[in-house]
Structures are given as structure tokens and as C-alpha cells.
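Structural overview
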Amino acid sequence: MSLPNEDYSQLSSHVFGDLLDFIIADVASECHRVVKLGLDCNLEEEEEEIRLSAQARLRVADPGNSGETNSKYVVDIFGQTHPSVASEIFECMNCGRSIAAGRFAPHLEKCMGKGRKARLKVTRSSTAAQNRYSRGSSVSTYSPHSNSTSTNRLSNGTPGVAGEEYSNGTYEEP
Amino acid sequence: MCERNSLYTNPKPCKHLADYKLRRGFNGYDSLQNCLKTTPNGRTRVDKHNTKIPRCSFCNGSQGRLYICLVCSSISCSSHILFHTQSEKGHEVAIDMERSELYCCLCRDQVYDPDFDKVVVSKQVKDLPGGKSNGFEACRERSSKRKRIDSGIGLDLKKSKLLISMRDRRAKSCYPLGLRGLNNLGSTCFMNSVLQALLHAPPLRNYFLSDRHNSVQCRKRSGEKVCLLCDIDALYSAMFSGDRAPYSPAQLLYSWWQHSSNLASYEEQDAHEFFISVLDGIHEKESKMLNSCKDDVDCQCIAHRAFSGLLRSDVRCISCGFTSTTYDPCVDISLNLDTSNLSPSDVANKPIKPTDEKTGVSTLSGCLNLFTRAEKLGSDQKLHCQNCQELRDSSKQMSIRRLPLVLCLHIKRVEHSLVRKMSRKIDQYLQFPFSLDMTPYLSSSITRSRFGNRIFTFEHENSNGCAEYEIFSVIAHSGMLESGHYVTYLRLKNQWYKCDDAWVSEVDEEIVRASECYMLFYVQKPLYYKANEDLSCVRISPRRDPFLSTAGCSSNAK
């Protein structure tokens, strides 16, 4: 037995309405239970945290505000001042030469025969290539549930410069 | 203490429910138990007649909500349920047939009774595919004789207090001990930022300041020239000595490169990678010293005692509901950013979260919800279901079986585009709280929600100890993927400090809240408060001697 077209569309919207009501009742029933049993007791604290964060972002973005004393280039809280490249001198524990702290890492890399620049000179190129591309593999055993660590790295620094900070004054609006 | 005695406020029954129970006891519940049927996705309904569609006895309708009377089993729809109560005295409590929830017809509201929930859950468990233990805390897990680790570490504090107070006099100013800059040795801010966080992780701090790793004995015993633990110990001594000139962790860099030779390069490095690598180094060395070959779950090395937790993964067959469970240890949790701001969190299975749609901002709880959400695996990832004996679509759900003392949350800020074969950094702001309650993400909570949040004590509840955490450190990254900068914010005695390599400054908490976090470090509340007590701050008199440097405390020459 076939029905005329209008009856079909009426029927289908009726069925849809039923399904929708059913789902709404599901959600209402579950939320009701959660509230009555006190399973959401942290709601207020969470909302407060969110409010504080929102407020903080507004205040920080406001250029008139300097909650952060950009003392990096002047004086730190202990009253000290530092050069942008650390100048403390000490002995390299590998070769014994005196090195300035801010240049220690690049020196040590060459000194120990590691790293990209040093490795290019090494004739055992196959092992060097392996080392280069297997970075991070020894580390993945500790977070088996996450993606391979080598694909989620935030790097830092540009060679030769001891960490210049981007003044990240803009905040991405979602 | 922060352990709640029960996770529920046991709801008081309404007058009518209480009356019903007095008169009828459990008869109604028990007789109904056999009619309860649970679907593979966890819905429990009342199914009295297998074949007939239930219909309202008044209007014969079968749509909308249907209720079955607990006393006489007659069925009414929501429009006519009141008629039934009025026509039959004492028939005041009914059950929503599709959801197996108690309904009081006179209060016109859903009501709750632990005894009823117990009946429901017992039936659910009985009907679980594959046998009783399925989906439940399986017996294969060892009974945890977890001693209270924190008390073990706490005992050490008395000794460490002694060490600190002896050096107090040399503190340059009235600032907490341990606050000191770290020199950048050439693109090593990734290392400095993690070290600052580790330096102030209470269990690690207490361990090393209590001289638990004795360098003298270590060198004698192992005869090795390089020991990562000795260098970390030296770092702690230097940083907590009271000397405020920036320290150069050169020796540590050297030993770390010896340990992780594949990471030994002065190029771009990732702080999280370094974090994992350092913990691994500590574990390796301590295991050698303790001569233990215990697996991560029970390892007693300080890295694991502080950071190790246990994750649970449930894979569930969509067809029959059979669940297989595995446990994996972890030292941190890597979270994907909750970028789908417009989709509400999975309300059905979680307590109501503040609506993210209102603010449109990614939140840490959103990320944690995402992490513990039941995810349907693609149809190309069908798994073999033991119950169905064939390949089936499944869903996977993560939860936390055991929380660590120190919780490190790593935010994955890299996005890969397969199309363009490029990666880019996600700069999106992430809201994170200073106080964090991890209860909703525990395996006990997730399991409970899968059984409809019924009032029922599942096994292994509250064996985690404290689920409430306080933040003590934030590592923030600014800049681009291949070149950027790390800084660490430290929270000491409720004051925030920014550690930007050699530069230490005081900052408002707002700066921290608004920062672009990459790694968050939380510690269990009791440890946090205890740690704050121990951070002594000494006022210096104007006639104090000028600062004298002490061997091993300032310069790095060895």
C-alpha cells in the first residue's frame, strides 16, 4: 500500500521529531542524574578559573598595562644584569679549553664529535645519517599512547643566538 | 585532606519514594531485574515483553516517554502517568522504560535510589558479554599494595631543612631558595626551561636536597666519570645554595649528551623530548644502582616515583559490547588541542562542563575530555572481537588508572598537513586552571559513566589517593616551529616568577594565565602545600656580610 507524497513527508518529519525528542530526553535524564548526584561539584571553581583566564588575557593584551616588567634587558629581581650571551668562562670537560658559557654548546658539539656540523666531517657517514634521522626514537617508549615524539617537537633557538625572545604580544583569537 | 569520602552526594529520597520502600521493600526492584536488558553501547531498558511494543494503557500510544509502574507493572505514557497514580492509590513510583530511571509521579521528577542502582548495575554486569569480569577492573591486574609514597619522601624533608637553613644566610635577598637563573649555553633554553620545572617538583627537590644521591659514594662505586644523577645533584646544590648569579649547567649538558647521543646536537631541540630523555637517564642510572629490573609500573627510581602514572585503554566491540582492557605506564600525558570549540563536550558521559561554546576558547578540561572520550576507530582498523569471533568495528577509550604525584601535561602544538607535507605550530591559546581536579578522567569515573553514572562502588576506587592538583610550573613556548624560545613560570609560595634563561623576574599571575603553555606541571595538593611551607625565606639584616662564593656553588669549573 503506497501513500501519497505529502503523507510520506509528514510521516518522516513525525519520525524525526520523535527521534529528536528521544535524544533530548536522554540528555536531560543524564544531566539530571549528574546534577542530583553531585558529580559536577567543581563547576563553580572551573567557571571561576575560566573567568580569571579570560580577564587575564584582556589585561595582558592591553598595551597600557605592564604587569610584566620587561626587565630582561635591564635588571632582574636580584638586582643583577646579564649580557645577552652568557659570559661566564669555564673549562670544557672534554678538551680542557676555556669557553664562554654562551658558546659552550656549539663548542661541545664539535668537541664531542656530535651534531650535524661535526658529523659531516666524519667518514662513517652511514651511522651519522642513522643518528640524524632516528632522533627521538629512544624516547618513545615512555609515552606509548602518544604520537611519535619526533613529530611533535617545538624547537627553540637559532644558531649563534642565545635565545632571543619573540615579544609575543598578540594573542590569536579563535 | 582532599580525598572525598564518597563521590556522590547520596540523594535523599522524596517522601513518596521513601514511603514506597517502606511498604514494598525491594520486591518491585527485584522482580523488574530480569526485564532489564542492556545494549552494547550501555543503554539499559525495561523490556517486559520481548515481542510486543509497549503501549500506554490509557491511550494505547507508544511514543514519547513510557513509564512502567513499580507496583502493578502497568504502562503509561508521560501524558497519562498522573492518571494512573490518581486512579490507583499508592502507585506513585514508576520507571522510565527506555532509561531505567526511577520516576516519582507526584513529584513529577526523576528520583534516585542507591538500592535501585545496585540492582541495575548487578544486572548490567551479569549480562556483560564475555563473562563477569569483562569491562570491569579485571582480576589480571595485581592488587596494588601501593604504599603511600609521599610519606616516604616527606620524611626526608626534615634533613633537607637542615641543609637549607645552613645556607640561608647567604641568600642575596628575601626570595625563595632555589630561585636562580640558568645561563643559556647556546640554544639551550629547551633544557633550562625543563630544569627549572624539575628543580621545583617537590618529590625531586626533596629527594636531591636530602642528599639521597650521594655523589661521593656514587663515584666510588661506579667508577664512571660521568653520572647524570651526580650532575643533577650538583645542580640542586647550586640552585638552592642561596647564590643568585646565573648557573651554567654545562656539566649536565655534557652528561646528558653522553646519555642521549642521538639528541646530542646544538640545533633546535624540543623541551618535552628533553624532559622524557632526562627522566629516562635518571631511571637508567638508578636502576643500575638499585640493581633492579622492575618494570615501569613498580619502579622505585625517583623519576618514576614522582612522575609515573598508569593509563588504561578500553577497546570495545561496537556490535556486542565486549571490552578488552590494557594498562600502560606513562610519565606524562600528551594532549591534543581541543580545537573543535563548537562541539560541546560529551555531556552524556561526563559531568557538565562549563560551555566552551560561550567563550569559544580551548580549555585544558576540553583537552582532557578529548583524551578520555570514546573514539570510534575507523573501519580500516577493525579488531578481532573475542566474543563475536570476527573482525568488528570498535571504539577505544582512554582513562587514568593511577595518577602520579607530579602530573606533567604536554600540549601537542604541532599540526601536520598530509596534503602539503608541512608541519606548523598551533599558536592557539589554551586556558588552564591553577587548581585541577582529575577525578572525571580516572578509570573509575569513566567506568562508572559507562554504566550510566549509577550509584555503585566499583572496585579500586579511591586507591589513587588525591586527585586534586595544584600547578607549580608552566613551560611556555613563543615563536615559530623551527625557531622559538622557551621560558618557565614558577609558582613559589603563591608568587609567580618568570625564568627566562639567566633572567628571573616576578610576574603577575595574569601573565601566566595568558601565556601560551606548552607543558604544565601539577603536583598533588598535599605535596604542594607542604612544599610551600618548606620554602623558607630569610630577611637579611643590613649589616649582612657581602656574599661569599662557595666551591661548587657558583662557577662551574670542575
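All values derive from a computational prediction rather than experimental measurement. (Residues numbered from 1 in each chain as written. Chains lettered and ligands numbered in written order. Predicted model: local features only at pLDDT ≥ 70, side-chain atom pairs only at ≥ 80, totals over all residues. Heavy atoms only, no water.)

Considerations on the overall build of chain B
For clarity, the cut-off: Per the convention used, a helix needs a DSSP run of H or I reaching at least four residues, while a strand needs a run of E reaching at least two, with both numbered from the N terminus. The buried label goes to any residue with under 20% of its type's maximum accessible area, the exposed label to any with over 50%, and the partly exposed label to all in between, with areas taken from a 1.4 Å probe on protein chains only. Here the accessible surface of atoms and residues is derived via Shrake-Rupley with a 1.4 Å probe, and residues count as covered only by protein chains that are part of the display.
The helix and strand inventory of chain B stands at 18 helices and 25 strands. In chain B, which comprises 558 residues, the share counted as buried stands at 60%. Element-wise, carbon and sulfur atoms account for 51% of the exposed surface of chain B, whose accessible area totals about 23,000 Å².

A word on the environment of B:Asn192
Residue and element names in this part refer to chain B. Rule in force here: Contacts are residue-level and defined by heavy atoms, with any inter-residue pair within 4.5 Å sufficient.
Note that Asn-192 resides in helix α7 (residues 189–199). Separated by 309 residues in the primary sequence, Asn-192 and Asp-501 have C-alpha atoms spaced 6.3 Å apart. Here Asn-192 is in contact with Leu-182, Asn-183, Asn-184, Pro-249 and Asp-501, once residues within four sequence places are set aside.

Here we look at the sheet that holds strand β4 (residues 75–77) of chain B
All names here are of chain B. This is how it is decided: Whether two strands pair comes down to DSSP finding at least two bridges between them. Only the contacting stretch of a helix is used when fitting its axis, a line to C-alpha atoms as for every element, and angles between N-to-C directions run 0 to 180 degrees.
The strand order across the open sheet built from five strands is β4-β3-β5-β6-β7, with neighbouring strands paired in antiparallel fashion. Strand pairing shows two members of the sheet lacking a second neighbour, β4 and β7 (109–111), which therefore form its edges. Mean inter-strand twist for the sheet, computed between neighbouring axes without regard to direction, equals 40°. Lying over the sheet, helix α1 (residues 15–24) contacts β5 (93–96), β6 (101–104) and β7, oriented at roughly 105° with respect to β5.

Focus on the state of the cysteines
All names here are of chain B. Let me state the cut-off plainly: Any two cysteine sulfur atoms lying within 2.5 Å of each other are counted as a disulfide.
Scanning the model with the defined rule gives zero disulfides over all chains in all. Counting only cysteine sulfurs, Cys-107 is the nearest neighbor of Cys-104, a cysteine outside any disulfide, at a range of 3.5 Å. Summary of cysteine pairing: Cys-105 is not part of a disulfide, and the nearest cysteine sulfur, belonging to Cys-104, is at 6.4 Å.

A word on the pairing of strand β18 (residues 422–425) of chain B
Residues and elements named next belong to chain B. Relative to β18, strand β17 (residues 414–417) runs antiparallel, the two sharing four bridges. In the strand pairing of β18, Ser-417 is matched with Met-422. Linking β17 to β18, which pair antiparallel, is a turn of four residues; within it Lys-421 sits at a positive phi near 50°.

Overview of the UniProt feature "domain: UBP-type" (unreviewed entry) in chain B
This is how the line gets drawn: UniProt positions are given in the numbering used here, feature names are shortened, and annotations may be inferred rather than shown by experiment.
On the UniProt side, "domain: UBP-type" (unreviewed entry) is annotated at positions that read residues 37–130 of chain B here. The distance separating the terminal C-alpha atoms of residues 37–130 of chain B is 16 Å; by composition the span is 21% helix and 24% strand.

Let's talk about a nonpolar patch on the surface
Test applied: Patch criteria: residues need more than 30% relative accessible area and no salt bridge. Like-charged residues are merged within 9 Å; nonpolar side chains of Val, Leu, Ile, Met, Phe, Trp and Tyr are merged within 5 Å. The salt bridge definition used is simple: a Lys or Arg side-chain nitrogen within 4 Å of an Asp or Glu carboxyl oxygen.
Together, A:Tyr8, A:Leu11, A:Val15 and A:Leu19 give the surface a local cluster of nonpolar side chains, amounting to about 380 Å² of exposed area. The topology assignment puts A:Tyr8 in helix α1 (residues 5–36).

Details of the packing of aromatic side chains
Rules: What counts as a ring pair is set by centres within 6.5 Å for rings of Phe, Tyr and Trp (its six-membered ring), and what kind of pair is set by the plane angle: stacked under 30 degrees, edge-to-face over 60, tilted for all other angles. Remark: a charge is flagged as sitting over a ring if the NZ atom of Lys or the CZ atom of Arg is within 6 Å of the ring centre and within 35 degrees of the ring normal.
Counted according to the given criterion, the structure contains 21 aromatic pairs over all chains. Between B:Trp256 and B:Phe274, the aromatic rings sit 4.7 Å apart at their centres with planes inclined by 80°, giving edge-to-face as the arrangement. With B:Trp256 in helix α11 (residues 250–259) and B:Phe274 in helix α12 (residues 271–290), this residue pair connects regions lying 18 residues apart in the sequence. What makes B:Phe274 buried here is its relative accessible area of 1%. Look at B:Phe275 and B:Phe307: their rings are 5.2 Å apart centre to centre, the planes differ by 80°, and that puts the pair in the edge-to-face class. Taken as a pair, B:Phe275 in helix α12 and B:Phe307 in helix α13 (residues 302–307) lie far apart in primary sequence, 32 residues in all. For B:Phe307, a relative accessible area of 1% translates into the label buried. Here a set of aromatic residues connected by ring pairs shows up, and it is made of B:Tyr20, B:Phe26, B:Tyr29 and B:Phe116. The residue whose ring lies beneath A:Arg57 is B:Tyr429, and the NZ or CZ to ring-centre distance is 3.9 Å. Positioned over the ring face of A:Phe22 is B:Arg99, at 4.9 Å from the centre of the ring.

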